[in-house]
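Single-letter residue listing:
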Amino acid sequence: MSKNKKIVTGLALAAVAFVIMMFSTMPSAGSKEITIADLTENGSKYEGDYIMTQGLLNKESVTWDADKLELRFEIYEEGQCTLQVFHKGIKPDNFSEDVIVLLEGFIQKDGVFEAEKVQTKCPTKYEGEDMENYDTEMHKEMYKNDKEE
């Protein structure tokens, strides 16, 4: 084999190895979307798995420590159970009552969801109104429709 072919083959193998490593280390590549009810009932079944879940925010449960960048809160499904959440990072700006919260992370042995990623669906984007006129009932209905799809 000539010197050029060896270099090209080596670079191609390195590129393939790099792509495989990138995809295998991305947590969301192997994530599972699990409901809050399933997580609270069968949490131990999902320990160690990277999970995506969503629910409505219980604003009274929000505890924010700006010095430590620690956020604790609960999400719930209408008429069902709640899920305790811990997040080490920044608090989303639009954390308001009954906003839909999208989470990615891991369920811990104590049943607390340790979120690596916290996002909210912005009600103003979907309703076309400012936060002062935010309709929590409309957002709950949107959440139900998302769950049915």
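All of the points below concern the structure found in this document. (Residues numbered from 1 in each chain as written. Predicted model: local features only at pLDDT ≥ 70, side-chain atom pairs only at ≥ 80, totals over all residues. Heavy atoms only, no water.)

The next point concerns a nonpolar patch on the surface. Together, Phe18, Val19, Met21 and Met22 make up a nonpolar patch on the protein surface, roughly 370 Å² of accessible area in all. Note that Phe18 resides in helix α1 (residues 3-25). Residue classification places Phe18 among the partly exposed positions, given a relative accessible area of 48%. (Patch = residues over 30% accessible without salt bridge, like charges linked within 9 Å, V, L, I, M, F, W, Y side chains within 5 Å. Areas by Shrake-Rupley, 256 points an atom, 1.4 Å probe, with all protein chains shown as cover. Salt bridge = Lys/Arg side-chain N within 4 Å of Asp/Glu carboxyl O. Helix = DSSP H or I, 4+ residues; strand = E, 2+ residues; numbered from the N terminus. Buried < 20%, exposed > 50% of the residue type's maximum accessible area, 1.4 Å probe, protein only.)

Tracing the chain through its elements places Gly89 in the loop between β4 (82-88) and β5 (100-107). A sequence separation of 26 residues divides Gly89 from Ala115, and the C-alpha atoms of the two residues are 9.4 Å apart. For Gly89, the residues in contact, after removing those within four places along its chain, are Trp64 and Leu69. (Contact = heavy atoms within 4.5 Å.)

Of note in this structure, Leu69 is not a glycine but carries a positive phi near 55 degrees. As for its placement among the helices and strands, Leu69 is situated in the loop between β2 (51-65) and β3 (70-76).

Moving on, we come to the pairing of β5. For β5, a buried count of six out of eight residues is recorded, marking the element as mostly surrounded by other parts of the structure. Of the strand pairs in this sheet, β2 and β5 are connected by six bridges, and their pairing is antiparallel. By the bridge assignment for β5, Gln54 is matched with Leu102. As paired elements, β5 and strand β6 (residues 113-120) share seven bridges and run antiparallel to each other. Its bridge partner being in β6, Val101 is matched across the sheet by Thr120. Linking β5 to β6, which pair antiparallel, is a turn of five residues; within it Gly111 sits at a positive phi near 90 degrees. (Pairing = 2+ DSSP bridges.)

Okay, the nonpolar core next. The biggest cluster of nonpolar side chains holds 19 residues, and the ones touching the most others in it are Leu39, Phe73, Ile75, Val101, Leu103 and Phe113. Put simply, the parts of the chain that give this core at least two residues each are α2 (36-42), β2, β3, β4, β5 and β6. The contacts of Ile75, once residues within four sequence positions are left out, are Ile36, Thr53, Gln54, Gly55, Leu56, Leu57, Cys81, Thr82, Leu83, Val85, Val101 and Leu103. (Core = buried A, V, L, I, M, F, W, Y, C linked by side-chain atoms within 4.5 Å.)

Here the focus is the pairing of β6. With three bridges joining them, β4 and β6 adopt parallel strand pairing. Considered in β6, the bridge of His87 is made with Ala115.

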